[in-house]
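For reference, the chains in residue letters:
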Amino acid sequence: MLDFLKQPIETFQEFMFLSGRAIRNIFRSPHYADDILLQMDVIGVGSLFIVTLIGFFSGVVMGLQMSRALATYGAQGKIGEIVSITLVRELGPVLTALLVAGRNASGIASEIGSMRVTEQIDAMRALGTDPTQKLVTPRLIATAIVLPLLTVIADFIGLLGGGFIASAMMNISFDQYWNSAWRALEYNDLVQGLLKPFLFAIVIALVGCYYGIKTSGGTQGVGRATTKAVVVSSVWIFVITSLLDPLFVNLQ
Amino acid sequence: MPQDDTVIRFEDVSLLYGDTHALDHVSFFMKPGETCVVLGAAGSGKTMLLKCTVGLVKPDSGRVILFGRDVTNWTENQMFDIRAKVGILFQEGGLFDSLTIAENVAYPLENQHALSNDGKLSENAILERVRESLRFVELEHTLEKFPSELSGGMRRRVGIARATVTEPPLVLYDSPTAGLDPITANTIINLIIKERDLRDTAAIMVTHRFLDGHLMANFRYNPNNGNVEPVVHGRAEDSAVTTRFLVMKEGRLVFEGSERELLENPDPYVQKFCRAGTS
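Residues numbered from 1 in each chain as written. Chains lettered and ligands numbered in written order. Predicted model: local features only at pLDDT ≥ 70, side-chain atom pairs only at ≥ 80, totals over all residues.

A.B. asks: Sorry if this is basic, but what is going on with the overall build of chain A here?
C.D. replies: Counting its regular elements, chain A contains eight helices and zero strands. Secondary structure elements in chain A, listed N-terminal to C-terminal, are α-α-α-α-α-α-α-α. By its C-alpha atoms, chain A is 70 × 50 × 35 Å across when sized along the principal axes. When burial is assessed residue by residue, chain A has 46% of its 252 residues classed as buried. In chain A, of all internal contacts separated by at least 6 residues, the share reaching a separation of at least 24 is 87%. (Helix = DSSP H or I, 4+ residues; strand = E, 2+ residues; numbered from the N terminus. Buried ≥ 20, exposed ≤ 12 C-beta atoms within 10 Å, placed from the backbone. Contact = placed C-beta atoms within 7 Å.)

A.B. asks: Any chance you could explain the sheet that holds strand β11 (residues 243-249) of chain B here in plain terms?
C.D. replies: The strands that make up a sheet are held in pairs by hydrogen bonds between backbone atoms, and each pair lies either parallel or antiparallel. Residues and elements named next belong to chain B. The six strands are arranged β6-β7-β8-β3-β11-β12 in an open sheet whose pairing can be described as mixed. In the strand order of this sheet, the two ends are held by β6 (86-89) and β12 (252-257), each with one partner. Strand-to-strand, the axes of this sheet are offset by a mean angle of 15°, without reference to chain direction. As paired elements, strand β3 (residues 35-40) and strand β8 (residues 202-207) share five bridges and run parallel to each other. Within β8, the position partnered with cysteine 36 by the bridge is isoleucine 204. Relative to the sheet, helix α1 (residues 46-53) contacts β3, β7 (170-174), β8 and β11, its axis offset from that of β8 by approximately 150°. (Pairing = 2+ DSSP bridges. Axes fitted to C-alpha atoms, helices over the stretch in contact; angles between N-to-C directions.)

A.B. asks: I tried to follow helix α3 (residues 79-117) of chain A on my own but got confused; where do I start?
C.D. replies: Residues and elements named next belong to chain A. When the terminal C-alpha atoms of α3 are compared, their 52 Å separation across 39 residues agrees well with the 57 Å that a helix rising 1.5 Å per residue should span. Maximum bend of α3: about 55°, positioned at leucine 87. Most of α3 sits out of view: 29 of its 39 residues are buried. Just beyond α3, the residue with positive phi is glutamate 119, at close to 65°. (Expected span 1.5 Å × (residues − 1). Bend = angle between axes of the 7 residues up to and from the residue.)

A.B. asks: Looking at this structure, how should I read the packing of α3(A) against helix α7 (residues 187-213) of chain A?
C.D. replies: Residues and elements named next belong to chain A. Where α3 meets α7, the axes come as close as 8 Å, and the angle between the chain directions of the two elements is 15°. Relative to α7, the element α3 lies roughly parallel. Handedness of the crossing formed by α3 with α7: right-handed. Classifying every residue of the contact of α3 with α7 by side-chain character gives 18 nonpolar, eight polar and five charged. (Parallel < 35°, antiparallel > 145°, perpendicular 65-115°, else oblique. Left-handed = near helix turned anticlockwise from the far one by under 90°. Nonpolar A, V, L, I, M, F, W, Y, C, P; charged D, E, K, R; others polar.)

A.B. asks: I tried to follow the nonpolar core on my own but got confused; where do I start?
C.D. replies: Side chains that are nonpolar tend, in soluble globular proteins, to be buried together. Counting residues in hydrophobic clusters, the biggest one holds 131 residues, and the most contacted among them are Ile204(A), Val207(A), Cys209(A), Val38(B) and Met205(B). Examining the composition of this core, we find that 16 residues originate from one element, α3(A), more than from any other. Ignoring sequence-local partners within four residues, the contact set of Val38(B) consists of Lys46(B), Leu49(B), Ile204(B), Met205(B), Val206(B), Leu246(B) and Met248(B). (Core = buried A, V, L, I, M, F, W, Y, C linked by C-beta atoms within 7 Å.)

A.B. asks: Sorry if this is basic, but what is going on with the sheet that holds strand β2 (residues 20-30) of chain B here?
C.D. replies: Spatially, the four strands line up as an open sheet ordered β2-β1-β4-β5 (chain B), and their pairing is antiparallel. If you trace the sheet from one side to the other, it starts and ends with β2 and β5 (69-70) of chain B, each paired once.

A.B. asks: What's the story with the packing of helix α3 (residues 101-111) of chain B against helix α5 (residues 152-164) of chain B in this structure? I'm lost.
C.D. replies: Two numbers describe a pair of packed helices, the interaxial angle and the distance between the axes. Residue and element names in this part refer to chain B. Close contact between α3 and α5 brings their axes to 7 Å; oriented N to C, the two are set at 30°. Here α5 runs roughly parallel to α3, going by the angle between their axes. Pair α3 / α5 crosses with right-handed handedness. Where α3 approaches α5, its residues Ile101, Asn104, Val105, Tyr107 and Pro108 are matched on the opposing element by Val158, Ala161 and Arg162. When its residues are assigned to classes, the contact of α3 with α5 shows six nonpolar, one polar and one charged.

A.B. asks: Which parts of the structure should I look at to understand unusual backbone geometry?
C.D. replies: Most peptide bonds adopt trans geometry, and most residues besides glycine take a negative phi value. All names here are of chain A. A cis amide bond links serine 29 with the next residue in sequence, proline 30, at an omega value of 0°. Although it is not a glycine, glutamate 119 sits at a positive phi angle of roughly 65°. Among the structural elements, glutamate 119 can be located in the loop between α3 and α4 (120-126).

A.B. asks: Hey, could you run me through α3(B) in this one?
C.D. replies: An α-helical segment advances 3.6 residues per turn. Residues three or four places apart therefore align on the same side. Ile101(B), Asn104(B), Val105(B), Ala106(B), Tyr107(B), Pro108(B) and Leu109(B) are the residues of α3(B) that are buried. For α3(B), the elements touching its buried residues are α4 (123-136) and α5 of chain B.

A.B. asks: Any chance you could explain the environment of Gly212(A) here in plain terms?
C.D. replies: Residue and element names in this part refer to chain A. Considering the arrangement of structural elements, one finds glycine 212 in helix α7. In this structure glycine 212 comes out as buried when scored by C-beta crowding, with 29 C-beta atoms within 10 Å. For glycine 212, the contacting residues outside a window of four places in its chain are Ile108, Ala109, Glu111, Ile112, Gly113, Arg116 and Ala225.

A.B. asks: Whenever I open this one, the interface of chain B and chain A confuses me. Can you help?
C.D. replies: The parts lose accessible area when they come together, and the size of an interface is often stated as this lost area. Listed by partner, the interface residues are 17 residues for chain B and eleven residues for chain A. In terms of residue class, the side of chain B that touches chain A is made up of nine nonpolar, five polar and three charged.

A.B. asks: Before we go on, may I ask you to explain the pairing of strand β4 (residues 61-66) of chain B in this structure?
C.D. replies: A regular strand places its side chains on the two faces of the sheet in alternate fashion. All names here are of chain B. Taken together, the five bridges between strand β1 (residues 8-17) and β4 define a ladder with antiparallel strand orientation. By the bridge assignment for β4, arginine 9 is matched with isoleucine 65. Pairing of β4 with β5 involves two bridges; the strand directions are antiparallel. Looking at β5, one finds that isoleucine 65 is bridged to aspartate 70. The turn joining β4 and β5, which pair antiparallel and follow one another in sequence, is formed by two residues; a positive phi near 50° is taken by phenylalanine 67.

See the structure below:
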C-alpha cells in the first residue's frame, strides 16, 4: 500500500549515507587540497560577477518598492533599516544560494555524471581512490567556505544598491541611510545571515554530487541528473529557510 | 582456508541487475600466467564479470576469491590494497579527461598505497615509469596532451599503459577492440600479447570478436626481433601459452574450454561466435 513511499525513502537513505561518508572524510586523510582550491575557484570566483550583479539589483528593487509603501506613512527614513534587515536575513542568503544552485549544483551533477557514464568513477575506484573522498568532499568543503563569503558580498552590494536609490530618489543622504541600515542589524541577524548560506552550501554540494554519482543511462541520464540536482537543491533551500525562520524570529 | 594457487576463483556467483540476472551461478577459476577469453553478446554479463572480480560491484550470492583470498565481503578500503595487484582497461579507456596523459598514467602509481609501502615514489621515478609504460604502447610523445585530443585507438592504448604501469600480475581487458577498425584492433591485441608474454601476466579479455581470442591463443611475442609471431606447436617456450575460452549467454557460462573444443562445440550460440570470427 505504501509502495509509492519506497523510492523517495530509499533515495533519502542513500543521500544520507553519501552525506555521512562525505562529512566523515573531512577528518580523514588523504586530503585533496588542490581539488578544494580548484573548486573554490570554480564556485566562488566563477560566481562572483553574477552574485554582485544580482545583489546590487535586489537592493535597488527593494529600495524602489519600499519607498512607495514607506511614503504612505511618511516613514521614508526607515528605508535603510528595512533594506538591511530583509537583505541580510533573507534575500541575500536565498538569492545567492539559488544562483549558486543553478550554476554549480548543475555543474557538479553534470561533471560527476559524465564521469560516471564514461566509467571514470569505476576507474577511480579501481586505481585506489575513493570517489567520495576525491570528488564529493572537496566540493562540499569548497562550497561551504565560499557560499557564506559570496552572501556577504551580495549583502554588501545590495545595501549599496538600496543606498543608491535612497539618495537618488528619496532625498535621504547616503550617510543617513547607511547609519540606519547599520544600526538596524543585530547579532541575531548576522548569525542567521551566515548560518543559512552555510547550510544551503552543504545541501547544494551534496545534492549535486548525489545526483551526479547516481547517474545512469548515458548522456540522457546526465541531463536528467543535472535537472534534478537544480530542482531538488532549490526546493531544499526554501524548505530550510522556512524551517529556520520561525526559530530565529522567536529568538528575538 | 585451504591453499589456493588460483589467481581468480568464482564460486557460484550470482548478481541481479534490476530484474535480470547479470551473472547467473557463474563458477570458474584461473591460474597464474593463464589467459581467459570471455566471449558473449552485448548484455551477456561480460563486463559485470570483470567488475565483480575487483569488487566494483558486489555479488548477491556466491564467493569471489582473488589471489587465494575470499574478497566477497571485503569493505571498499580493504579492496584498495588488492586492486593494486590488478590492472583494468575499461571499455572506452576510462581515462580521466581533466588530467593529461602523463597524469593519467601516473595516477595508479600515486594513489595505490599498497604499492608505496616502501615509501612514496619520487617524482622522477614516477615520470620514468610513466614514460616507460607509454613507450611500451608507442605513445611517448603524447605526455602533455589531454585524452580528448587523442583518437579512440590511442585512448585505448593509453588505457593499457595505465593498467600495466604498476606491473600487476593480473590484467583485465574490457572489450579492448570494441568500436575500432580492424587494423587498430589488431594493434591493440598485439600490445596485449606483448604485455602478456613480456611480463608473464594472467589476463582476462572480454570481447565479442572471436578473432581477438584466436590471436591471443595462437600468437606470441618474440622478444628477439620484437614481432608477434604464430605459435609453433611443440616448441618448449610456446607451450607456456595457455588460453582458455569462456562463452557467456544471459549471465550464464555456457562453455569453457580450449579453442579446438570451442570450434567443435555443437551449440548454435557458441558456433555463432566462431563463424562470425572466421568469416
